[in-house]
Amino acid sequence: MQWEMVVGLEVHAQLRTDTKIFCGCSTRFGAPPNSQVCPVCLGLPGALPVLNRKVVDYAISVGLATECSVAGVSRFARKNYFYPDLPKGYQISQFELPILEHGRIGVYDDEGNPKDIALTRIHMEEDAGKLIHPDASRTSSAAADYSLVDLNRACVPLIEIVSEPDMRSAGEAVQYARKVRDILVYLGACDGNMNEGSMRVDANVSVRPVGRAELGTRTETKNINSFKFLEQAINYERERQIELIEEGGKVIQQTRLFNADLGITRAMRSKEEAHDYRYFPDPDLLPLVIDDAWVERARAELPELPEAKRARFVEQYALSRQDAELLCQSRDMADFFEETAALADDAKAVANWIQGFVLRDMNKEGIESITDAPITSGQIAGMVKLICAGTISSKIAKEVFDEMWGTDKSAEDVVADKGLKQVSDTGEIEAMVDKVLADNPKEVEAYRGGKTKLIGFFVGQVMRASRGKANPDVVNELLTAKLGG
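Residues numbered from 1 in each chain as written. Predicted model: local features only at pLDDT ≥ 70, side-chain atom pairs only at ≥ 80, totals over all residues. Heavy atoms only, no water.

## With respect to the environment of Glu399
Okay, so step 1: Locating Glu399 in the fold gives a position in helix α10 (residues 394-404).
Okay, so step 2: Judged by relative accessible area, which is 37%, Glu399 ranks as partly exposed.
Okay, so step 3: Between the C-alpha atoms of Glu399 and Thr371, which are 28 residues apart in sequence, the distance is 22 Å.
Okay, so step 4: Contacts of Glu399, omitting those with residues within four sequence positions, involve Lys418 and Leu420. (Helix = DSSP H or I, 4+ residues; strand = E, 2+ residues; numbered from the N terminus. Buried < 20%, exposed > 50% of the residue type's maximum accessible area, 1.4 Å probe, protein only. Contact = heavy atoms within 4.5 Å.)

Given below as structure tokens:
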């Protein structure tokens, strides 16, 4: 039997506010445990929540960017469950009246065809705290029998973006998650740092025979914190469910966790339904009313979004879709490219240098944002202009780039200081060509006997003699003429 996988994702994104969603405590990551708490986020008796307006601003922006409808009236609800890192015994979320509904995210299916993934809803809620489990290998076995609770994260603002079960492969799901992250980062709503938990993904996976309309029983794999793990978890769960069914078993609706070390999912608990949480309107928070003026202010402040920017880069700069995808991975990267391209007047060359060398050195040094890279758009543009003018070759340019990295030297300064100017004088290069041919008579005879691939050998010898400074075009032209004669 052939099987079809059905995937829906729930993306939880922490919003980049200075303070929490219902109190004035800081949201700064990495603070000492339980140092950013107050009676409200600790759930102490008599403490009342007050909604942070910036959270609503961010939510509206995300909704507009994903083509959601913005509810004129939405309401917060209490989601009741008991867990050690949830001090109130309930989570303030939204249920029947979310702030945003019915949006879309565009992806490409596995055949490269455009496809829309529908969004069911986007709602606001508070995050829970965090459990810290002591490493038994670093302490006594008795000391490892407990867990510690850090409530700094409790009440940090979240939005949950819930898709329809429209994805049919792990590739589509990863692409969708990346698109969501791109939008959040472009808007400045979330920093997208999955390794810090700023964005986490829950994957709902089921399988069904090809051609059947009815959905199979789904499982939910919680809190996946990287795109690589998301792909692995979905593919593992697909194979697990198919094998289970084909052996006569039955998929159980449950919540699972992904073990990154083993590359497998494991059962955590049976899957709850909405009625298990006993939702009811939060009595401490008024309904949220959003008028048209608020929405239009948010719409006017929207930046150019990643999908539109990618399409413009392909059209305006004649870049491939792959180049545009990479350059538009962040607003800072896209802005850096456009600024450099405007100075250099050769967008394709600029794209190649950013992708091939700037990103290489950033990865090597662990630099996450191009704004922190020790090189400027002016330095790269100056180097590209020297290549286009024939002042330096692409090979010499690599040396120039390495010399500029981490300094304030311009490409012109590096070329002048190190004597790297390309030799284009025909007479000077012809003398080097004549010497190389005279020193290699056997290779000349072989070339003229039909082994024309030896042209690369001769070019290399001339470039070596010139210490890489000879103009390759002139070298090739002279060698072809002389060897042909």
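The rest of the description comes next.
## Remarks on the environment of Gln253
Okay, so step 1: Relative to the assigned elements, Gln253 resides in the loop between α3 (227-246) and β13 (254-259).
Okay, so step 2: With 33 residues separating them along the chain, Gln253 and Glu220 place their C-alpha atoms 8.0 Å apart.

## Concerning the state of the cysteines
Here, disulfide denotes a covalent bond that connects the sulfur atoms of two cysteines.
Okay, so step 1: Applying the stated criterion across every chain, the model contains 0 disulfides.
Okay, so step 2: Of all cysteine sulfurs, the one in Cys25 lies closest to Cys41, which takes part in no disulfide; the gap is 3.9 Å. (Disulfide = S-S within 2.5 Å.)

## Quick word on the environment of Ile161
Okay, so step 1: By the element assignment, Ile161 lies in strand β10 (residues 157-163).
Okay, so step 2: For the pair Ile161 and Val180, spaced 19 residues apart in sequence, the C-alpha to C-alpha distance is 8.7 Å.
Okay, so step 3: Not counting residues within four places of it along the chain, the set of residues in contact with Ile161 comprises Leu9, Glu10, Val11, Val62, Leu119, Arg121, Ile122, Tyr176, Val180 and Leu184.

## Description of a nonpolar patch on the surface
Okay, so step 1: Taken together, the side chains of Ile132, Tyr146 and Leu148 present a nonpolar region at the surface, about 260 Å² in accessible area.
Okay, so step 2: Checked against the element boundaries, Ile132 lands in strand β8 (residues 130-132).
Okay, so step 3: For Ile132, a relative accessible area of 34% translates into the label partly exposed. (Patch = residues over 30% accessible without salt bridge, like charges linked within 9 Å, V, L, I, M, F, W, Y side chains within 5 Å. Areas by Shrake-Rupley, 256 points an atom, 1.4 Å probe, with all protein chains shown as cover. Salt bridge = Lys/Arg side-chain N within 4 Å of Asp/Glu carboxyl O.)

## Observations regarding the pairing of β13
Side-chain direction in a regular strand flips from residue to residue, so the side chains alternate between the two faces of the sheet.
Okay, so step 1: Here strand β12 (residues 219-224) runs beside β13; their pairing, made up of 3 bridges, is parallel. Counted as the bridge partner of Glu220 is Thr255 from β13.
Okay, so step 2: Note that β13 and strand β14 (residues 264-270) share 6 bridges and pair antiparallel. Within β14, the residue paired with Thr255 across the bridge is Arg269.
Okay, so step 3: Turn length for the β13-β14 hairpin, with the two strands adjacent in sequence and antiparallel, is 4 residues, and the turn residue Gly263 shows positive phi of about 70°. (Pairing = 2+ DSSP bridges.)

Purely geometric numbers; function is a separate question.
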